[in-house]
Amino acid sequence: MSAAVAPGSKGKVLLAYSGGLDTSCILVWLIEQGFEVLAYMANVGQEEDFDAAREKALKVGASKVFIEDLRRELVEELVIPTIQANAVYETVYLLGTSVARPVIARSQVAIAKREGCTHVSHGCTGKGNDQVRFELAYYALDPKLQVIAPWRIPEFYQRFPGRNALLAYAAEKGVPVSQTPSKPWSTDENLFHISYEAGILEDPNVTPPTDMWKLTVDPEDAPNTPERITITFKAGKPVRVTNEGDGTDVTDPLDLFLYLNTVARRNGVGRIDIVENRFIGIKSRGCYETPGGTILRAAHIDLEGLVLDREVRAYRDEHITPVFGKIMYNGLYFSPEGDLITKMVPLTQTNVNGSVRVKLYKGSLTMEGRWSETETLYDMEQSSMDVQGDFEPTDSEGFIKIQSIRLKKWGAKFQQN
């Protein structure tokens, strides 16, 4: 791409805009390359002054600014199915960044089509997962769209090798820059979580400073009195949260999730610090806060122990949970396999109906009880060591004999030797 091109001569581009230094400079740079730039922001629950960001985008040259509230569809279409699947990546990461990308990309593509844009653009780095997640979604949703990824264009990243170069360019072009000192790490936030990476965190042996954690109170400083809530699920979806202490009762899906965030945050629940394998092949250290999601997943797993058929659960855990997590992490939600797996998840959740009592205390979660008014797989008399019920103990003898047939043959080999 060359400079000194007539503005708008190369068509329209819809830029995923954050209001920060990087995407503000990208916006101006795209105009220099000859594009009419439209800015797009997704409200996925991050703490952001959207009015200020809109004003800033228009000031630096955007012809239009679109701010879309995607919080409800994020919760209902992505977060809840992820909870239903008990999905994680590499056993610990709750996919907080990953789950937001499909709704953000889908809305961006829809606006680009409506506004007649030939291109979309983003500010993702050339080493991260998000470039993959966004672009695979773009191409699946509109194969004709062209993507401009400045941080993979040598002309751009050689011109702006670091923050100081971006600051100098911003000053030259009149781009307003926040006077807030830059944190020595980068963040990404939505209503499901916040992530911290890069900067001082690139050394995996550096302990995160206490002032890094934004959402949750330090578990050591959390209240000395436990807080207890009850979460009710229907078909694996959370439908009610009741606080046993103050009587708060929430049923709307979005409000319910936001309330769980509030409860978890004040009790220090939801922090992890891990090293993970990025899709592109690089190991990365990340710190995450997933307050409400941590509660929901733990409670959901606990209820499944009571109400879910053993073989259905085993099949889901082996064939759906890890695959769902990998699909989400790798940005393949809009794919044949993504379409298949998201249709399979609800089939495993038909009988996940009931309630779980949860105690939150200084960063920990304890399940204190669970019950279901509709599911009967758990039979107290049948399980009791004090009541025989309708289970005949002598039946176990035949069961053991059948199970031992192959084991006896296997053990006999060693006796012969």
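Residues numbered from 1 in each chain as written. Predicted model: local features only at pLDDT ≥ 70, side-chain atom pairs only at ≥ 80, totals over all residues. Heavy atoms only, no water.

Participant: What is the right way to look at the overall build of the protein in this model?
Facilitator: Looking only at helices and strands, the protein features 13 helices and 14 strands. Here the protein holds 417 residues, and 45% of them are scored as buried. Total accessible area on the protein is roughly 20700 Å²; 53% of this is exposed by carbon and sulfur atoms. Computed over 46 positive and 56 negative side-chain charges, the inter-centroid distance for the protein is 5 Å. (Helix = DSSP H or I, 4+ residues; strand = E, 2+ residues; numbered from the N terminus. Buried < 20%, exposed > 50% of the residue type's maximum accessible area, 1.4 Å probe, protein only. Areas by Shrake-Rupley, 256 points an atom, 1.4 Å probe, with all protein chains shown as cover. Lys, Arg positive; Asp, Glu negative; His and termini not counted. Charge placed at Lys NZ, Arg CZ, Asp CG, Glu CD.)

Participant: I keep staring at helix H7 (residues 163–173) and nothing clicks. Help me out?
Facilitator: An α-helix turns once every 3.6 residues. As a result, residues three or four positions apart point the same way. Taken as a whole, H7 has its buried residues at Leu 166, Tyr 169 and Ala 170. All buried residues of H7 lie within an arc of 100° about the axis, which places them on one face of the element. Residues Asn 164, Ala 171 and Glu 172 are exposed on H7 and point more than 90 degrees away from its buried face. The secondary structure elements touched by the buried residues of H7 are helix H1 (21–32) and helix H6 (154–159). Looking one or two places after H7, you find Gly 174, whose phi comes out positive at around 75°. (Arc of directions from axis to C-beta. Contact = heavy atoms within 4.5 Å.)

Participant: So what exactly am I meant to see when it comes to the side chain of Gln 84 here?
Facilitator: With respect to the secondary-structure elements, Gln 84 resides in helix H3 (residues 71–84). In contact with Gln 84, not counting residues within four places along its chain, are Ala 235, Gly 236, Lys 237, His 300, Glu 304, Arg 316, Val 345 and Gln 349.

Participant: Honestly, the pairing of strand S9 (residues 237–243) in this entry has me stumped. Any pointers?
Facilitator: When a strand is regular, its side chains alternate between the sheet's two faces. Across six bridges, strand S8 (residues 227–234) lies against S9 in antiparallel orientation. The residue bridging Ile 229 from the neighbouring strand is Asn 243, located in S9. By the bridge criterion, two bridges tie S9 to strand S10 (residues 249–250) in an arrangement that is antiparallel. Within S10, the position partnered with Thr 242 by the bridge is Asp 249. The antiparallel pairing of S9 with S10 creates a hairpin that spans five residues between the two strands, and Gly 247 there sits at a positive phi of about 80°. (Pairing = 2+ DSSP bridges.)

Participant: Help me out: how do you make sense of the nonpolar core in this one?
Facilitator: The tendency in soluble globular proteins is for nonpolar side chains to be buried as a group. The biggest cluster of nonpolar side chains holds 71 residues, and the ones touching the most others in it are Leu 14, Leu 74, Ile 104, Ile 229 and Ile 231. Counting residues per element, this core draws most heavily on helix H4 (residues 96–114), which supplies eight residues. Once residues within four sequence positions are removed from consideration, Ile 231 is found in contact with Pro 238, Arg 240, Val 241, Leu 260, Ile 295, Leu 296, Ala 299, Gly 354, Ser 355, Val 356 and Val 358. Core analysis: the second largest hydrophobic core is formed by 29 residues, Val 37, Met 41, Ala 53 and Val 60 among them. (Core = buried A, V, L, I, M, F, W, Y, C linked by side-chain atoms within 4.5 Å.)

Participant: How do you make sense of a nonpolar patch on the surface when you look at a structure like this?
Facilitator: A grouping of Leu 136, Phe 279, Ile 280 and Ile 282 is seen on the molecular surface, where their side chains present a nonpolar patch of about 290 Å² in accessible area. Looking at where Leu 136 falls in the secondary structure, it is placed in helix H5 (residues 130–141). We classify Leu 136 as partly exposed; its relative accessible area is 33%. (Patch = residues over 30% accessible without salt bridge, like charges linked within 9 Å, V, L, I, M, F, W, Y side chains within 5 Å. Salt bridge = Lys/Arg side-chain N within 4 Å of Asp/Glu carboxyl O.)

Participant: I would appreciate a short explanation of the pairing of S8 in the present structure.
Facilitator: Two elements, S8 and strand S13 (residues 354–361), share seven bridges in a ladder whose sense is antiparallel. Bridge pairing in S13 places Thr 232 opposite Ser 355. The hairpin turn running from S8 into S9, its antiparallel successor, is two residues long, and Ala 235 in that turn takes a positive phi close to 55°.

Participant: Got a minute to help me understand the pattern of salt bridges in this structure?
Facilitator: Following the criterion strictly, the structure yields 28 salt bridges and no others. Among the ionic pairs, Glu 115 bridges to Lys 64, the shortest N-O distance being 2.8 Å. With Glu 115 in the loop between H4 and strand S4 (119–121) and Lys 64 in strand S3 (residues 64–69), this residue pair connects regions lying 51 residues apart in the sequence. Accessibility expressed as a relative area gives 40% for Lys 64, which makes it partly exposed. Of the charged contacts in the structure, one is a salt bridge between Arg 133 and Asp 130, with a shortest N-O distance of 2.9 Å. Taken as a pair, Arg 133 and Asp 130 lie in helix H5 at a separation of three residues, close to a single helical turn.

What is shown is where atoms sit, not what they do.
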